[in-house]
Number of protein chains: 2
Amino acid sequence: MFFCVKNIEYSQNSCTFVVQYQLTCCCIMTVEEILHAHDLKNTGCRKYILGELLKSEAAMSENELKESYPDLFDRVTLYRTLKTLEDRGIIHRIVLNDNTVKYALNRHHHEDDKLHSHFHCEKCDEVLCLDGVTHFDAELPKGFISKEVFVVVEGLCADCIKK
Amino acid sequence: MFFCVKNIEYSQNSCTFVVQYQLTCCCIMTVEEILHAHDLKNTGCRKYILGELLKSEAAMSENELKESYPDLFDRVTLYRTLKTLEDRGIIHRIVLNDNTVKYALNRHHHEDDKLHSHFHCEKCDEVLCLDGVTHFDAELPKGFISKEVFVVVEGLCADCIKK
DNA sequence: ATTCAATTGCAACAATGATGCAATAATGTT
DNA sequence: AACATTATTGCATCATTGTTGCAATTGAAT
């Protein structure tokens, strides 16, 4: 199955991230279309989570997702839906150094990405995906190979410095 | 309070890590002496944890620490002891991308360290502190400042590649 | 040996991850 | 528009981990 966005053809398997990037950043597609593109049913919880994440620039925790409507969905439903969205490559989970977890949309082309870096404000707890240029080099012990690198930069965001 | 190791004087507050580094890597001091240097009582759980971590090159999880003697200490005691040792700067906790936690000795001079990087073997689950040269550069949004950077490199260790 | 503060074990609770199962909802078909 | 089928949801439930209070115990200074 192929579909076309902005005159570029993508197979659904190999390039959904690019499509989604155009979606979320250029607002060409709706939540429903994202789900359809990934062969997922248009259910309430999925629409809600994607809607919230699309509205938010920052990554969101399970609690932050529940904030607006605490009892809209069962805890397990939220948990399973987040897992499904993660498995399908629509969102990713970010594990912070304090052991908490946040979720964010995969707004970019992640397929070949091996470096996942995020910023965590120690004051307001906001988490952002670092989309700018990021370099990482580590000297590994002999014979070791690296596959993926996860980085969390802890610091203060611009808003919190002002205050 | 000052004390002397290898003809170099260190104030206890500012340089305990250096002392400890000499300790653990050069085997000048015992577990008891480490505890004494940090003004901590010589208790069973502390001696056990430090002993296990000193024996092990890799970081250890709570379960790995309990493996040899499952019922030697209460779960809460282990938890609190790990916290004490972390608070005193003797060990550090490593949060992996799968949400699990491991602990390792602060074998190096960590005071000015802002980059904490670890290797996690996806096959055998072993975690090592990356002591070699490690560089990290990230372009942060305008006005943001970074304080600490936590890195986890996921991959395969030499032993697991051979197999 | 005594004393005092620190440490430990136990009970208990919260938060989170995870699974089974029956009820319900979403989509393609008639 | 109703139906059938499969996926999704809510509920019950359990495991694991983080956390605190309190009374009993232990470490080490005297």
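Everything discussed here concerns the structure shown above.
Scoring rules and cut-offs
- Residues numbered from 1 in each chain as written.
- Chains lettered and ligands numbered in written order.
- Predicted model: local features only at pLDDT ≥ 70, side-chain atom pairs only at ≥ 80, totals over all residues.
- Heavy atoms only, no water.
- Contact = heavy atoms within 4.5 Å.
- Buried area = accessible area lost by both parts, 1.4 Å probe.
- Salt bridge = Lys/Arg side-chain N within 4 Å of Asp/Glu carboxyl O.
- Polar contact = N/O pair within 3.5 Å; in protein donor to acceptor, adjacent residues only side chain to side chain.
- Helix = DSSP H or I, 4+ residues; strand = E, 2+ residues; numbered from the N terminus.
- Phe/Tyr/Trp six-rings, centres within 6.5 Å; stacked < 30°, edge-to-face > 60°.
- Buried < 20%, exposed > 50% of the residue type's maximum accessible area, 1.4 Å probe, protein only.
- Least-squares fit on C-alpha atoms with pLDDT ≥ 70 in both.
- Near = heavy atom within 4 Å.
- Nonpolar A, V, L, I, M, F, W, Y, C, P; charged D, E, K, R; others polar.
- Pairing = 2+ DSSP bridges.
- Axes fitted to C-alpha atoms, helices over the stretch in contact; angles between N-to-C directions.
- Disulfide = S-S within 2.5 Å.
- Parallel < 35°, antiparallel > 145°, perpendicular 65-115°, else oblique.
- Left-handed = near helix turned anticlockwise from the far one by under 90°.

A. Main features of the interface of chain A and chain B. Tallying the contact residues gives 38 residues for chain A and 38 residues for chain B. When the two sides are added together, the surface that chain A and chain B hide from each other amounts to roughly 3300 Å², 61% of it contributed by carbon and sulfur. Of all residues in chain A, Asn97, Phe144 and Phe150 of chain A bury the most surface against chain B, accounting for 18% of the area lost on that side. Between chain A and chain B we count two salt bridges in total. At the junction of chain A with chain B, the criterion picks out twelve residue pairs in polar contact (both at pLDDT 80 or more). Elements supplying a minimum of two residues to the side of chain A that touches chain B: strand E3 (91–95), strand E7 (134–138), strand E8 (145–156) and helix H6 (158–162) of chain A. Per-element tally for the side of chain A that touches chain B: the top contributor is E8 of chain A, with twelve residues.

B. Seen up close, the packing of aromatic side chains. Per the stated rule, a full pass over the model turns up seven aromatic pairs over all chains. Between the aromatic rings of Phe119 of chain A and Phe144 of chain B, the centroid separation amounts to 4.9 Å while the plane-to-plane angle is 65°, which identifies the pairing as edge-to-face. Highlighted residues: Phe119 of chain A in strand E5 (residues 115–121) and Phe144 of chain B in the loop between strand E7 (134–138) and strand E8 (145–156), drawn from two different chains. Owing to a relative accessible area of 1%, Phe119 of chain A belongs among the buried residues under this scheme. Its relative accessible area of 16% is what places Phe144 of chain B among the buried residues. Ring pairing ties together the aromatic residues Tyr48, Tyr69 and Phe73 of chain A, which thus form one cluster.

C. Highlighting the relation of the copies chain A and chain B. Of the two same-sequence chains, chain A is brought onto chain B (RMSD 0.0 Å, axial shift 0.0 Å) by a rotation of 180°. Taken together, the turn and the small shift mark the pair as related by a two-fold rotation axis.

D. Inspection of the protein's contact with DNA strand D at higher detail. Around DNA strand D sit 22 residues in total, of which Arg46, Thr77 and Arg80 of chain A together with Asn42 and Tyr79 of chain B are the nearest. Sugar and phosphate atoms constitute 58% of the interface atoms of DNA strand D, taking the interface as everything within 4 Å of the protein. In this structure, Thr81 of chain A approaches DNA strand D through a side-chain N or O atom, which is 3.4 Å from a phosphate oxygen. One of the side-chain nitrogen or oxygen atoms of Tyr79 of chain B is found 2.6 Å away from a phosphate oxygen of DNA strand D. Mapped onto the surface near DNA strand D, the elements with two or more residues apiece are helix H3 (44–55) and helix H5 (75–87) of chain A together with helix H4 (62–67) and helix H5 (75–87) of chain B.

E. Representation of the protein's contact with DNA strand C. Close to DNA strand C lie 23 residues; Asn42 and Tyr79 of chain A together with Arg46, Thr77 and Arg80 of chain B are nearest. Between DNA strand C and the protein, one listed contact pairs a phosphate oxygen with a backbone N or O atom of Asn42 of chain A at 2.6 Å. Interatomic distance of 3.4 Å between a side-chain N/O atom of Arg93 of chain A and a phosphate oxygen of DNA strand C. Listing elements by their share of the surface near DNA strand C, those giving two or more residues are helix H4 (62–67) and H5 of chain A together with helix H3 (44–55) and H5 of chain B. Among the elements that take part in the surface near DNA strand C, H5 of chain B stands out by supplying five residues, more than any other. A breakdown of the residues in the surface near DNA strand C according to their chemical character gives seven nonpolar, six polar and ten charged.

F. Inspection of the sheet that holds E8 of chain A at higher detail. Pairing is mixed across the open sheet formed by six strands, whose spatial order is E6(A)-E5(A)-E8(A)-E8(B)-E5(B)-E6(B). The sheet terminates laterally at strand E6 (127–129) of chain A together with strand E6 (127–129) of chain B, the two strands that pair on one side only. Each neighbouring strand pair of the sheet contributes to a mean axis angle of 20°, computed without reference to strand direction.

G. Representation of the side chain of Asn106 of chain A in the model. With respect to the helices and strands, the residue Asn106 of chain A is situated in the loop between strand E4 (101–105) and E5. You can call Asn106 of chain A buried: its relative accessible area is 4%.

H. How the structure looks around the pattern of salt bridges. Residues and elements named next belong to chain A. In this structure the tally under the stated criterion is ten salt bridges over all chains. Here Glu64 makes a salt bridge to Lys102, at a shortest N to O gap of 3.0 Å. Residue Glu64 is found in helix H4, and its partner Lys102 is found in strand E4; the two are separated by 38 residues along the sequence. Residue Glu64 is classed as partly exposed on the basis of its relative accessible area of 24%. Taken together, the shared-partner salt bridges in this structure form one network comprising Glu64, Lys102 and Asp125.

I. Representation of the state of the cysteines in the model. Here the structure, examined in full by the defined rule, presents zero disulfides over all chains. Here Cys124 of chain B stays free of any disulfide, with the sulfur of Cys121 of chain B as its closest cysteine sulfur at 3.6 Å.

J. Focus on the packing of H3 of chain A against H5 of chain A. Residue and element names in this part refer to chain A. As a packed pair, H3 and H5 sit with axes 10 Å apart at the nearest point and diverge in direction by 70°. Judged by the angle between their axes, H3 and H5 are roughly perpendicular. Crossing of H3 against H5: the hand is right-handed. Along its contact with H3, which presents Cys45, Arg46, Ile49 and Leu50, the element H5 presents Thr77, Leu78, Thr81, Leu82, Thr84 and Leu85. For the contact of H3 with H5, the residue count by class is six nonpolar, three polar and one charged.

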